[in-house]
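Report on the structure
In case you want the letters, here they are:
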Amino acid sequence: MEISYHGHSVVKIMTDTHTILIDPFITGNGQTDLDAAKEKVDVILVTHGHNDHLGDTVDLAKRNNATVIATFELANYVESFGINVHAMGIGGSYDFEFGTVKFTQAFHSSSFTTEDGEIIYGGMPAGVLFTSEGKTIYHSGDTALFGDMKLIGERNNIDVAFLPIGDNFTMGPEDAAYAVQLLKPQIVVPVHYNTFPPIKQDPQIFKNLVETAEVQVLSAGDYIQWIRD
């Protein structure tokens, strides 16, 4: 398995058989290295409906005949464009041919704003636990720190966690570092920072606060460097 980071909260997972994108905000993302018109993807996981997470989901799914996996209301919205979807609920898991997906709670909001200014309710925001090929990846989506992260850490052996550190809309570096203690991942990658002025952060501050996991500060296009046993 290869896992790469592509700016803001965009994560790509490549298994032996599938390419999966999480929160593919590409167009308008000054931090990304991806080209939405050239990207090939089989599955898209979306944590919530905000434009900087739903992003290019509809266009990518149409062009690649990809399946979009999201919480119920957001999946229904995406399906209205003639796209293959799999709707899920928070706390539920499903075994797909490419791996197991489980949505966790997240404390945030969720809506999509159309080009003409209409606001579409996106249902509950979520995090994602993805397990495949013996690895478990946790993408928290946009969230505040919450106590049940301890349960997520106790019930899952997380290899890599992607956590927001931007503050203002999500956890900041201090809360995200505390979340690492609760989640107990082997590797943690800070995301959702420096894309816009309100979320400007120095990831080294976060790295210096974390004592229980290896912090990998990635630039767009960088891959996770696995820890060797």
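Right above here is the structure, for reference.
For every chain, the first residue of the written sequence is number 1, and numbering continues from 1 onward in sequence order. Totals for whole chains, interfaces and linings use every residue, but because this is a predicted model, local features are given only for residues with pLDDT of at least 70 and side-chain atom pairs only at 80 or more, for both listing and counting. Side-chain metrics in this entry use all non-hydrogen atoms of the structure; hydrogen atoms and water are not considered.

1. Focus on the packing of aromatic side chains
Each aromatic ring pair is characterised by the separation of its centres together with the angle its planes make. What counts, and what does not: Between 30 and 60 degrees the pair is tilted, below 30 it is stacked and above 60 it is edge-to-face, where a pair is any two Phe, Tyr or Trp rings, Trp via its six-membered ring, whose centres lie within 6.5 Å. Counting from the N terminus, the helices are DSSP H or I runs at least four residues long and the strands are E runs at least two residues long. Only protein chains enter the accessibility calculation, which uses a 1.4 Å probe; a residue whose area is less than 20% of its type maximum is buried, one above 50% is exposed, and one in between is partly exposed. By the criterion adopted, a ring carries a charge over it if an Arg CZ or a Lys NZ lies within 6 Å of its centre and within 35 degrees of its normal.
Applying the stated criterion across every chain, the model contains seven aromatic pairs. Pairing Tyr77 with Phe112 gives two aromatic rings, centres 5.6 Å apart and planes at 45°, and the pair type is tilted. Of this pair, Tyr77 sits in helix α3 (residues 72-79) while Phe112 is found in strand β9 (residues 111-113), placing the two residues 35 residues apart along the sequence. Each member of the pair Tyr77 and Phe112 is classed as buried. Measuring from ring centre to ring centre gives 4.7 Å for Tyr94 and Phe96, while their planes differ by 55°; the resulting arrangement is tilted. Between Lys135 and the ring centre of Trp226, over which it is positioned, the NZ or CZ distance is 4.4 Å.

2. Quick notes on unusual backbone geometry
The backbone phi angle of His8 is positive, close to 55°, even though this residue is not glycine. Mapped onto the secondary structure, His8 falls in the loop between β1 (2-5) and β2 (11-14).

3. Thoughts on the side chain of Thr170
Test applied: Only heavy atoms enter the contact rule, under which two residues are in contact if any of them lie within 4.5 Å.
Counting through the fold element by element, Thr170 comes out in the loop between β13 (160-164) and α5 (173-183). Take Thr170: its relative accessible area is 9%, and that puts it in the buried class. Other than its neighbours up to four places away in sequence, Thr170 contacts His108, Asp142, Thr143, Pro164, Ile165 and His192.

4. With respect to α3
Which entries qualify depends on this criterion: The directions considered for the arc are those from the helix axis to the C-beta atoms.
For α3, the set of buried residues is Leu74, Ala75, Tyr77 and Val78. Seen from one end, α3 has its buried residues packed into an arc of 160°, which puts them on one side. On its buried face, α3 is in contact with α1 (51-54), β5 (67-71), β6 (84-88), β9 and β10 (119-121).

5. Thoughts on the sheet that holds β1
Here is the rule we go by: The criterion for strand pairing is that DSSP finds at least two bridges linking the strands in question. The axes used here are C-alpha line fits, helices contributing only the stretch in contact, and every angle between their N-to-C directions lies in the interval 0 to 180 degrees.
Taken in spatial order, the six strands of this open sheet run β1-β2-β3-β4-β5-β6, and their pairing is mixed. A strand with exactly one partner marks an edge of an open sheet, and here the two such strands are β1 and β6. Across the sheet, the axes of successive neighbouring strands diverge by a mean angle of 20°, strand direction being ignored. Two elements, β1 and β2, share four bridges in a ladder whose sense is antiparallel. Bridging from a neighbouring strand, Glu2 pairs with Met14 of β2. Of the strands in this sheet, β5 and β6 touch α3, which is tilted by about 145° from β5.

The analysis is restricted to geometry; functional conclusions fall outside its scope.
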